[in-house]
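Letter by letter, the chains look like this.
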Amino acid sequence: MLFHVTMDVAIPRDLAPEVRADLVARERAYCQDLQKQGTWVHIWRVVGRYSNVSVFDVGSSDELHDILWNLPLFPFMTIAVTALCPHPSAL
């Protein structure tokens, strides 16, 4: 199953710099591990915002839910998920 996911990040400005650095490093490692597994298929920055647009290839909506809830930055994100299906005109 493919899902389009938009993630808007809002890390509090008063978060301790060492806590922020740790969260960002763990987020990067988790994201890259999922990319290597073929689960996190695409990730793009959104220009001018601390946001990304991603495509996930997972076995179920429950699997995606678990992945998103385990993102280290999840507590600081607003996430929108859209299920995708093939378009009849796609080559």
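Residues numbered from 1 in each chain as written. Predicted model: local features only at pLDDT ≥ 70, side-chain atom pairs only at ≥ 80, totals over all residues. Heavy atoms only, no water.

Per an unreviewed UniProt entry, the chain goes by the name Muconolactone Delta-isomerase and belongs to Pseudonocardia dioxanivorans. Per its UniProt entry, the chain bears the Subunit (unreviewed entry) comment "Homodecamer." According to its UniProt record, the chain has this under Pathway (unreviewed entry): "Aromatic compound metabolism; beta-ketoadipate pathway; 5-oxo-4,5-dihydro-2-furylacetate from catechol: step 3/3." (UniProt positions renumbered as here; feature names shortened; annotations may be inferred.)

(A) Up close: the sheet that holds strand E4 (residues 77-84). Here we have four strands laid out as an open sheet, ordered E2-E3-E1-E4, and antiparallel in their pairing. Every interior strand has two partners, whereas the edge strands, strand E2 (40-45) and E4, have only one. The sheet shows a mean angle of 15° between the axes of neighbouring strands, direction not considered. Contacts between helix H1 (residues 17-37) and the sheet are confined to E2 and E4, with E2 contributing the most and set at about 135° to the helix. The strands that helix H2 (residues 61-69) touches are strand E1 (2-9), strand E3 (51-57) and E4; relative to E1, the one it contacts most, it runs at about 20°. (Pairing = 2+ DSSP bridges. Helix = DSSP H or I, 4+ residues; strand = E, 2+ residues; numbered from the N terminus. Axes fitted to C-alpha atoms, helices over the stretch in contact; angles between N-to-C directions. Contact = heavy atoms within 4.5 Å.)

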